[in-house]
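# Chains, contacts and geometry: an overview
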Amino acid sequence: MSLLVVGLSHRSAPVSVLERAALNADAQVKLVQDTVAAEPATEAAVLATCNRIELYADVDKFHAGVAELSTLLAQHSGVGLDELTPYLYVHYEDRAVHHLFSVACGLDSMVVGEGQILGQIKDSLARAQELHTAGRLLNDLFQQALRVGKRAHSETGIDRAGQSLVTFGLEQLAVGGAVEEWAAGRRALVIGAGSMSSLAAATLARAGVAEVVVANRTFERAERLARILTEGDDTAVSARAVPMAAVPDELTRADVVVSCTGATGLVLTAESVAQAVEGRTGGDAAETADDAARASAGTAPSPATGTAGATEENCPLDLAAVQGSTGFSVHGEAAVAGLDAATLEQHGAWVAGGAVDRRETARRSPEADAELITALAATAASVGRIPELRRPEPVAVIPRPAPALFLLDLAMPRDIDAAVHRLAGVRLVDIESLADASADAPMAADVDQVRRIVSDEVAAFGAAQRAAHITPTVVALRTMAADVVAGEIARLDGRLPGLDERQRGEIRQAVHRVVDKLLHAPTVRVKQLAAEPGGAGYADALRTLFDLDPETVAAVSRAVDSTDEKDRPA
């Protein structure tokens, strides 16, 4: 059997695909159960976070395993297999181990070095153990991943390179400033009471917010989180719980909102946020947003003069085309660059307040046109530049008002309508914007040290697994040798009935010593060889050389797994 992982994350798929493929708790349970029910897999666990969905399995066939796991992911996520496949990645055996260890250390996180992933790996293992879908391989793998992650955080400064997704999101809301200064005195609304929401509430409380309001579908969980915040040694803050129905009212009083629920639909729509912002910005948020959108597109509202508005009456130029393509005043030199002489004269007369009959100018001779063109060239030479190469003048941009409401959406799929980005007086940070911001986040030098730790741990885990793989065969060989000794001692007792008990004991001990010495060097050496890369074949060679019964070896393996299961911590 071999370890296989099939998944997608923020590194392989856009947020829109991750959002659609997100699995709720019930879907995760069904996915794991269906995986172990499929033919290629005997163990399975799913690791689902806000920016990754990964299915781990112990399979006996690589290609069949990849096909089956990919199909199951598509079925349970609701995203068609053809659409999902381009975003999937596959890791096998040692590469799969390396991937999970890197994830556990925070090297594959959106925010490099964040430690929250360890809790999510622990939850994934606990779920698989509860469903009895984690056998010896996945139990060993996930427990070792937790140890590797803890080692990385304790032995290196990887914590300096990263932080939790919550902290990173709050820093983005604070626009690079100190979160404590930005949060001081603000009122916070936290929607949800799960692990991510609890972390957000605690982080805001420690940052100095004046109040934390917790809303959750299960009111008791909201009450418990509010009580922890109020009574905590490091999070003493005014906190209260409200039902989800109270969110619209609380939204009108909140300064900061963090949402992370398991809802499949939107928790906050753009309309509800716009209504909450009205009265804070001195105008309608939607209308202000429309103005800002026009400004960002370079189509600011038309001033009274100097632009292609209704005041440009009787102008011979196609002002809409000129203004839209260049952004220059029609009185500027670039507006007339490249025009024929007749149109130039017509335009010049209009600017000067005169009138020129276009029919008359159209009858001008080529010589007159040449003179006008020569005059234009002389003007260009005198000012030292060619009009059509002049840099565009900046377009007036209407500034957005300072945010009155800050929103942090950490849910996948999203809790807050992405259209909120267009509302003035609102700043929204979500998984998509966090992914963009994290691409430029600095990485500490300790990351290289963590990578070395991961490589060492992967090698050690592989050696241990390969050595463990041959252990049942070695045990079966020693069992067979013990049976041979027992048979020969029994035969000797029949042939030499006159031996006393002391003599029989000496003979029995001598035979056992001979067998042990003969088997010691080969069995120790075969374990060493099996632990090396490519050593999996030594178990088969040992079974073949000593004609061991495969069923006996399998029985020993089951007995070893049963013993390990009893000794394994819950």
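The rules behind these values
- Residues numbered from 1 in each chain as written.
- Predicted model: local features only at pLDDT ≥ 70, side-chain atom pairs only at ≥ 80, totals over all residues.
- Heavy atoms only, no water.
- Helix = DSSP H or I, 4+ residues; strand = E, 2+ residues; numbered from the N terminus.
- Buried < 20%, exposed > 50% of the residue type's maximum accessible area, 1.4 Å probe, protein only.
- Contact = heavy atoms within 4.5 Å.
- Areas by Shrake-Rupley, 256 points an atom, 1.4 Å probe, with all protein chains shown as cover.
- Pairing = 2+ DSSP bridges.
- Axes fitted to C-alpha atoms, helices over the stretch in contact; angles between N-to-C directions.
- Core = buried A, V, L, I, M, F, W, Y, C linked by side-chain atoms within 4.5 Å.
- Polar contact = N/O pair within 3.5 Å; in protein donor to acceptor, adjacent residues only side chain to side chain.
- Salt bridge = Lys/Arg side-chain N within 4 Å of Asp/Glu carboxyl O.
- Arc of directions from axis to C-beta.
- Parallel < 35°, antiparallel > 145°, perpendicular 65-115°, else oblique.
- Left-handed = near helix turned anticlockwise from the far one by under 90°.
- Nonpolar A, V, L, I, M, F, W, Y, C, P; charged D, E, K, R; others polar.

### Some details on the overall build of the protein
Along its length, the protein carries 24 helices and 10 strands. Per-residue burial for the protein yields a buried fraction of 45% across its 570 residues. Of the contacts formed within the protein by residues at least 6 apart in sequence, a portion of 71% connects residues at least 24 apart. Approximately 28,500 Å² of the protein is accessible, and the part contributed by carbon and sulfur atoms is 53%.

### So, the pairing of strand β4 (residues 89–92)
Alternating residues of β4 divide into Y89 and H91, all buried, and V90 and Y92, none buried. Relative to β4, strand β1 (residues 2–9) is paired through four bridges, and the arrangement is antiparallel. Of the residues in β4, the one forming a bridge with G7 is Y89.

### Remarks on the sheet that holds strand β3 (residues 52–59)
The strand order across the open sheet formed by four strands is β2-β3-β1-β4, and the pairing between neighbours is antiparallel. The open sheet has two edge strands, β2 (41–49) and β4, and neither has a second partner. The mean angle between the axes of side-by-side strands here comes to 15 degrees, regardless of whether they run parallel or antiparallel. Against the sheet, helix α3 (residues 62–77) touches β1, β3 and β4, its axis set at about 35 degrees to β1. Across the sheet, helix α7 (residues 136–155) is in contact with β1, β2 and β3; its angle to β2 comes to roughly 30 degrees.

### Section: the nonpolar core
Grouped together as the largest cluster of nonpolar side chains are 69 residues, with contacts concentrated most on L8, L165, W182, V212, L229 and L410. Sorting elements by how many residues they give to this core places helix α11 (residues 195–207) first, with seven residues. Setting aside its immediate chain neighbours within four residues, W182 contacts L170, L173, A174, V256 and F406. In terms of nonpolar packing, the next biggest core, distinct from the first, is built from 35 residues, V5, L118, L141 and V454 among them.

### Examining the sheet that holds strand β7 (residues 238–243)
Read across the open sheet, the six strands follow the order β7-β6-β5-β8-β9-β10; overall the sheet is parallel. Among the strands making up the open sheet, the edge pair consists of β7 and β10 (426–429). Each neighbouring strand pair of the sheet contributes to a mean axis angle of 15 degrees, computed without reference to strand direction. Both strand β5 (residues 187–191) and strand β8 (residues 256–259) contribute to a ladder of four bridges, which runs parallel. Paired with A188 across the bridge in β8 is V256.

### Some thoughts on the environment of G80
Position of G80 relative to the elements: it lies in the loop between α3 and α4 (81–84). Taking C-alpha positions, G80 is 9.6 Å from A21, a pair spaced 59 residues apart along the chain.

### Brief notes about unusual backbone geometry
Cis geometry marks the peptide bond from M412 to P413; its omega dihedral reads 5 degrees. Positive phi, close to 50 degrees, is recorded for E93, a residue that is not glycine. Within the secondary structure layout, E93 lies in the loop between β4 and α5 (94–104). Judged by its relative accessible area of 39%, E93 falls in the partly exposed class.

### Some points on the side chain of T35
In this fold, T35 is placed in helix α2 (residues 25–37). Residue T35 is classed as buried on the basis of its relative accessible area, which comes to 0%. Within the structure, the side chain of T35 is placed 2.7 Å from the backbone oxygen of L31, a separation counted as a polar contact. T35 has contacts with A41, A44, L55, A57, L69 and L72, leaving out every residue within four places of it along the chain.

### Thoughts on the environment of V242
Among the secondary structure elements, V242 is positioned in strand β7. Residues V242 and R217 lie 25 residues apart in sequence; the distance between their C-alpha atoms is 9.3 Å. Not counting the four nearest positions on each side in its chain, V242 is found in contact with V213, V214, A215, N216, F219 and E250.

### Comments concerning the pattern of salt bridges
Using the criterion set out here, one finds 19 salt bridges in the structure. Two residues, R504 and D493, come together in a salt bridge whose shortest N-O distance is 3.1 Å. Taken together, the positions of R504 in helix α22 (residues 501–531) and D493 in helix α21 (residues 446–495) put the pair 11 residues apart, joining distant regions of the chain. One continuous salt-bridge network, built from bridges that share partners, spans R11, R52, E54 and D108.

### A look at helix α14 (residues 270–277)
What α14 keeps buried is the set A270, V273, A274, A276 and V277. The arc that holds the buried residues of α14, viewed along the axis, is 160 degrees, so those residues lie on one side. For α14, the exposed residues lying more than 90 degrees away from the buried face are E271 and Q275.

### Concerning helix α9 (residues 165–173)
Those residues of α9 lying buried are L165, V166, F168, G169, L170 and L173. Looking one or two residues past α9, V175 carries a phi angle of roughly 55 degrees, positive in sign.

### Concerning the side chain of S77
Checked against the element boundaries, S77 lands in helix α3. We classify S77 as buried; its relative accessible area is 11%. A distance of 2.8 Å separates the side chain of S77 from the backbone oxygen of L73, its partner in a polar contact. A polar contact of 3.3 Å, which involves the side chain of S77, links it to the backbone oxygen of A74.

### So, the packing of α21 against helix α23 (residues 537–545)
Look at α21 against α23: their axes get within 9 Å of each other, and the N-to-C directions meet at 15 degrees. With respect to their mutual orientation, α21 and α23 come out roughly parallel. By crossing handedness, the relation of α21 to α23 is classed as left-handed. Facing H469, I470, T473, V474 and L477 of α21, the residues of α23 in contact are Y538, A539, L542 and R543. Considered class by class, the residues forming the contact of α21 with α23 number six nonpolar, two polar and one charged.

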